[in-house]
Amino acid sequence: MGTIHLQTAIPGPKSKALAARRASAVPRGLSHGTPIYVAQAEDAWLEDVDGNRYLDFAGGIGCLNVGHRRKPVLAAVSNQLDRFLHTCVQVTPYEAYVQLAERMNRATPGKFPKKTLFVNSGAEAVENAIKIARAHTGRPGIIAFEDAFHGRTLMTLSLTSKTHPYKAGFAPFPGDVYRIPYAYCYRCSYSLTYPSCDLFCARHLEDTFKRVVASEDVAAVIAEPVLGEGGFVVPPRDFFRTLIEICQKHGVLFIADEVQSGFGRTGRLFASEYYGIEPDLIVTAKSLGGGLPLAAVTGRAEIMDAPGPGGLGGTFAGNPVSCAAALAVLDIFESENLLERSQAIGDRFQERAHVWQKRWPIVGEVRGLGGMQAIELVQSSDKREPAAEETRQVTQYCYEHGLITITAGSYSNVVRVLVPLVITDEQMDEALDVLESAVQMVYEKRGAVAQTV
Ligand SMILES: Cc1ncc(COP(=O)(O)O)c(C=O)c1O
């Protein structure tokens, strides 16, 4: 018997009743991907209030790489609950914060001396990385990418690319942010092809310094090593090295936003390792806390020390319960083969998804790194018009058949996989069966005839 178990139509009556209460109590701006209200979760599955059990390909948007309610995380949290919940690290500090900083300094790429700051959310960590970069360089400008996502606070919205639903109506945004194209080869902004393009998009940074903003006015370039919300785009391996070489030539810092690509998602602890790069600052969050809110900025010690005493912090920043959970997360990565597992999950996904791509041309591209995988859906494989409505139908079919998935992409036409890395092979196959039926259903609904593989 599989893990998925549905005993009501989805959503069930209790979820529907909660949805009605929610509609009058919660603003519509906080939307949700599925209409299912959760009662409990474990490892790679979750159960709703009507007793339906699902496999979870979303993992709370990439926050549960080590799995839901992992025992070492629960034990660490419970131990901390017995001691104290909050003191504010800026008033009376505690060891877990310092210990976690030491471990993050060792775990992140780069053998140079590092320091780590903890805050509450990915957006808050990005904000702090920008503050630190500006304090260190004395320069205001930040260069971000098309299709980037860095958060929903006003500074991070300025860095985030997608207009609807994130940015529209919320202007004005903080200034001195400049945007250049990412290495999204499937939709190259310059209509070039890798490798004959010779990484034109990375080299174009030099041109940006001449035509858009002077390098001496730029503090940092910020990039996601693999685009998250932007659609799980993986740049060519030498993209970031080329970009960083140009940054170094001009005294511009490089910030890697590993909020979504970090903590084993890509088969490395940090995706930066795949490219062989050592960012000046690395931003982490999501799976760092094993399900609790926690985020970090880790970077070269001399850069991290640029802001003076009192320049950084926050009331709940680096709270002791989250720090205890994060220490357990790092232990899990040291004691279990989750990085290998991430790679195996990615391989299993790619093997199946490449068959779908051949059979159903609605699957335009299959891409990803390790367990960070996605399919981009298009109207036709030659013109590549984004198939956003079909993508919505795929995710709806999935949750109605017991698989929680979420979408991504500037055109909302990407289905992404952020499954907890503790999923078993049997569960993975069960989930992929559902996703396969969903893609087939949507393809055939369009009246097309499947090509024979
Ligand atoms: C790459 C990246 N940066 C920053 C953020 C913002 O993180 P948070 O939602 O914790 O503020 C996200 C969230 O999805 C993200 O994917």
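Please refer to the structure placed before this passage.
Since we're looking at a predicted model, the values are computed, not measured.

Definitions and limits used
- Residues numbered from 1 in each chain as written.
- Predicted model: local features only at pLDDT ≥ 70, side-chain atom pairs only at ≥ 80, totals over all residues.
- Heavy atoms only, no water.
- Near = heavy atom within 4 Å.
- Polar contact = N/O pair within 3.5 Å; in protein donor to acceptor, adjacent residues only side chain to side chain.
- Areas by Shrake-Rupley, 256 points an atom, 1.4 Å probe, with all protein chains shown as cover.
- Nonpolar A, V, L, I, M, F, W, Y, C, P; charged D, E, K, R; others polar.
- Axes fitted to C-alpha atoms, helices over the stretch in contact; angles between N-to-C directions.
- Helix = DSSP H or I, 4+ residues; strand = E, 2+ residues; numbered from the N terminus.
- Left-handed = near helix turned anticlockwise from the far one by under 90°.
- Contact = heavy atoms within 4.5 Å.
- Buried < 20%, exposed > 50% of the residue type's maximum accessible area, 1.4 Å probe, protein only.
- Pairing = 2+ DSSP bridges.
- Expected span 1.5 Å × (residues − 1).
- Parallel < 35°, antiparallel > 145°, perpendicular 65-115°, else oblique.
- Salt bridge = Lys/Arg side-chain N within 4 Å of Asp/Glu carboxyl O.

Engineer: Quick rundown of the site of the ligand? Include the residues and the values.
Structural biologist: Near the ligand you find Ser121, Gly122, Ala123, Phe149, His150, Gly151, Glu224, Glu229, Asp257, Val259, Gln260 and Lys286, and these make up its full shell. Ala123 places a main-chain nitrogen or oxygen 2.8 Å from an oxygen atom of the ligand. Between Phe149 and the ligand, the recorded distance is 3.4 Å, taken from a backbone N or O atom to a nitrogen atom. Considering the ligand on its own, with 390 Å² of exposed area, one finds that the protein chains cover 82% of that surface. Along the lines of polarity and charge, the residues of the shell around the ligand split into three nonpolar, five polar and four charged.

Engineer: Could you give an account of the packing of helix α4 (residues 95–107) against helix α12 (residues 320–335), with specific residues and numbers?
Structural biologist: Interaxial distance between α4 and α12 falls to 9 Å at its minimum, and their mutual angle equals 35°. Pair α4 / α12 crosses with left-handed handedness. Contact residues: Ala96, Tyr97, Gln99, Leu100, Arg103 and Met104 in α4; Cys323, Ala326, Leu327, Leu330, Asp331 and Glu334 in α12. Its residues placed into classes, the contact of α4 with α12 shows eight nonpolar, one polar and three charged.

Engineer: Before we move on, could you go through helix α9 (residues 239–249) and cite the residues and values that matter?
Structural biologist: Within α9, burial applies to Phe239, Phe240, Thr242, Leu243, Ile244, Ile246 and Cys247. Backbone geometry just downstream of α9 places Gly251 in the positive-phi region, at approximately 70°.

Engineer: Tell me about the pairing of strand β5 (residues 141–145), and please be specific about residues and values.
Structural biologist: Of all five residues making up β5, five are buried, and the element is well covered by its neighbours. Neither face of β5 is left uncovered, since the one carrying Gly141, Ile143 and Phe145 and the one carrying Ile142 and Ala144 both have all their residues buried. As judged from the three bridges shared by β5 and strand β7 (residues 218–223), these two strands associate in the parallel manner. Considered in β7, the bridge of Gly141 is made with Val218. By the bridge criterion, four bridges tie β5 to strand β6 (residues 177–180) in an arrangement that is parallel. Paired with Ile143 across the bridge in β6 is Tyr178.

Engineer: Let's hear about the environment of Asp347: which residues, and what values?
Structural biologist: Checked against the element boundaries, Asp347 lands in helix α13 (residues 338–359). Considering only alpha carbons, one finds Asp347 and Val119, 228 residues apart in sequence, at a separation of 34 Å.

Engineer: Break down α12 for me, citing the residues and quoting the values.
Structural biologist: If you check α12, its first and last C-alpha atoms are 23 Å apart, about what 16 residues at 1.5 Å a residue would give, namely 22 Å. Backbone nitrogen of Val321 and a side-chain oxygen of the N-cap are separated by 3.0 Å at the start of α12; the cap is Asn319.

Engineer: How would you sum up the packing of helix α14 (residues 388–400) against helix α15 (residues 425–445)? Please name residues and give values.
Structural biologist: Where α14 meets α15, the axes come as close as 9 Å, and the angle between the chain directions of the two elements is 135°. Between α14 and α15, the angle is such that the two are oblique. For the pair α14 and α15, the crossing hand works out as right-handed. On the side of α14, the interface is formed by Glu390, Gln393, Val394, Tyr397 and Cys398, while α15 contributes Val434, Leu435, Ser437, Ala438, Val439, Met441, Val442 and Lys445. Looking at the contact of α14 with α15 residue by residue, the class counts come to nine nonpolar, two polar and two charged.

Engineer: How would you explain unusual backbone geometry if you had to name every residue and give the values?
Structural biologist: Cis peptide bonds are those with omega within 30 degrees of zero, and the linkage from His164 to Pro165 qualifies with 5°. The backbone of Phe232 shows a phi angle near 55°, a positive value even though the residue is not glycine. If you trace the backbone, Phe232 turns up in the loop between β7 and α9. Of note in this structure, Lys286 is not a glycine but carries a positive phi near 40°.

Engineer: Go over the environment of Lys383, please, and point to the residues and values.
Structural biologist: Position of Lys383 among the secondary structure elements: in the loop between β12 (372–377) and α14. Overall, Lys383 belongs to the exposed group, its relative accessible area being 65%.

Engineer: Account for the pattern of salt bridges, naming residues and giving values.
Structural biologist: For side chains of opposite charge, pairing can occur when their charged atoms come near one another. Summed over the entire model, instances satisfying the criterion amount to 21 salt bridges. Between Arg203 and Asp198 there is a salt bridge whose closest N-O contact spans 3.3 Å. Under the relative-accessibility criterion, Asp198 is labelled partly exposed at 45%. For the salt bridge of Arg352 with Asp433, the shortest nitrogen-to-oxygen distance reads 2.7 Å. With Arg352 in helix α13 and Asp433 in helix α15, this pair connects stretches of sequence that are 81 residues apart. For Asp433, a relative accessible area of 41% corresponds to the partly exposed category. Taken together, the shared-partner salt bridges connect Arg187, Glu365, Arg367 and Glu376 into one network.

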